[in-house]
Amino acid sequence: MNARIVALIVAIVGMLVASGIPASNGRGAPLPTLSILSPTPNEVIGNGTPVAIVFAVTNFNLTEPGNGTSSPNSGHVDVFVNDTLTAQSSVSTIVLPLPSGPHTIRLRLVTDNGSALNPDVTASVSIMVTRGPAGGTPGLSIVFPREGALVGTDWTLAFRVTNFALVPPGGPAGVPNEGHVVVRLDNASYAVLTDDAPLHLNLKDGPHTVTLQLVDNAGGPLISNVTVSLDVTVQALFGRVTPFDATPYLALANLLIGLGILAAIYRKLEVH
């Protein structure tokens, strides 16, 4: 190689080193990382169970908040739920009681004074919390009376709900496996049920149709509509024990006693 070319290359490398630009691709210290192991994205947390968040960090030392350490490689995790700072943690498992509905959980590595790292190190996951079961198909059935039954004016309907939590109306929409029961009588709204206690009805004589439907917190039908109906005939006094009315018999007895007394008096007067 020409000596002048070699000298030129050496001069260029020297200039690069002098200007702070490394001549080779040397690697610095590895950056901290943060990942959420559990729950998984879009996981449904059922039965109102608190959410256990398990995470892992690398190249970062977790320390208790407030210990005075200001190193960029140590600190704690800030926990945000729906963009609201909810907790701080220096351990890899966090348990949060959350209400029904969708939630986004975001973790951020911060130094002891709460400053974010540079570059920022975060991880997030979206989940759904329900007071109902996490899985399964909701079911609804009428236990009593049977279809086409003859009932009295006052009667009770017993029903059973499965894989579904009955809660008061007004909760967040879109939550799976929780809501309430809408009752319709002869195609008209009759009642809203938030527990599985037997339903007492007081109806007029004649045929009636009672329909029960599972609905979500907003009152809308479930994705797979769950409805059950019952036809009954109401007949007044059916199934009741009618009290025995002895008034006519007592009146007759009193009349006979009175006639007997009059007859006795009459005979006594004849003797005299």
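In this numbering scheme, every chain counts its residues from 1 along its sequence in written order. Totals for whole chains, interfaces and linings use every residue, but because this is a predicted model, local features are given only for residues with pLDDT of at least 70 and side-chain atom pairs only at 80 or more, for both listing and counting. Side-chain descriptors were evaluated using all non-hydrogen atoms of the structure, hydrogens and water having been removed beforehand.

1. Side note on the nonpolar core
As a reminder of what qualifies: For this analysis, a nonpolar core means a set of buried residues of the types Ala, Val, Leu, Ile, Met, Phe, Trp, Tyr and Cys, connected via side-chain atoms within 4.5 Å. Only protein chains enter the accessibility calculation, which uses a 1.4 Å probe; a residue is then buried when its area is under 20% of its type maximum, exposed when over 50%, and partly exposed in between. By the criteria applied, helices consist of DSSP H or I runs no shorter than four residues and strands consist of E runs no shorter than two, each listed in order from the N terminus. Whether two residues are in contact is decided by their heavy atoms, any of which lying within 4.5 Å being enough.
The biggest cluster of nonpolar side chains holds 26 residues, and the ones touching the most others in it are Trp 155, Leu 157, Val 181 and Leu 212. Looking at which element gives the most residues to this core, the answer is strand S18 (residues 221-234), with six residues. Beyond its immediate stretch of four places on either side in the chain, Trp 155 contacts Pro 145, Leu 199, His 200, Leu 201, Leu 203, Val 210, Leu 230, Val 232 and Val 234. Counting 23 residues, the second-largest nonpolar core is a separate cluster that includes Val 51, Val 81, Ile 94 and Leu 98.

2. What to know about the side chain of His 208
This is how the line gets drawn: Two N or O atoms form a polar contact when they lie within 3.5 Å of each other; inside protein one atom must be a possible hydrogen donor and the other a possible acceptor, and for residues adjacent in sequence the pair counts only when both atoms belong to side chains.
Along the polypeptide, His 208 turns up in strand S17 (residues 206-215). Within the structure, His 208 has its side chain in polar contact with the side chain of Asp 186 (distance 2.9 Å). For His 208, the residues in contact, after removing those within four places along its chain, are Leu 185, Asp 186, Leu 203, Leu 230, Asp 231, Val 232 and Val 234.

3. Structural notes on the pairing of strand S14 (residues 178-185)
We count it as follows: Two strands make a pair as long as DSSP finds a minimum of two bridges between them.
In terms of burial, S14 is a largely internal element, seven of the eight residues being buried. Pairing of strand S13 (residues 165-166) with S14, which is carried by two bridges, proceeds in the parallel orientation. What sits directly across from Ala 165, in S14, is Glu 178. Pairing analysis gives six bridges linking S14 to S17, with the strands arranged antiparallel. In the strand pairing of S17, Val 183 is matched with Leu 212. Here S14 folds back onto strand S15 (residues 188-193) in antiparallel fashion, the turn holding two residues, of which Asp 186 has a positive phi close to 50°.

4. Digging into the packing of aromatic side chains
Note the following rule: Geometry of aromatic contacts follows a simple scheme: Phe, Tyr and Trp rings, the Trp one being its six-membered ring, pair when their centres are within 6.5 Å, and the pair is stacked under 30 degrees between planes, edge-to-face over 60, tilted otherwise. Two conditions define a charge located above a ring, namely a distance within 6 Å from the ring centre to NZ of Lys or CZ of Arg, and an angle within 35 degrees of the ring normal.
Under the defined criterion, the tally for this structure stands at zero aromatic pairs. In this arrangement the basic side chain of Arg 106 is found over the ring face of Phe 80, its NZ or CZ atom lying 4.3 Å from the centre.

These values are about where atoms sit, not about what they do.
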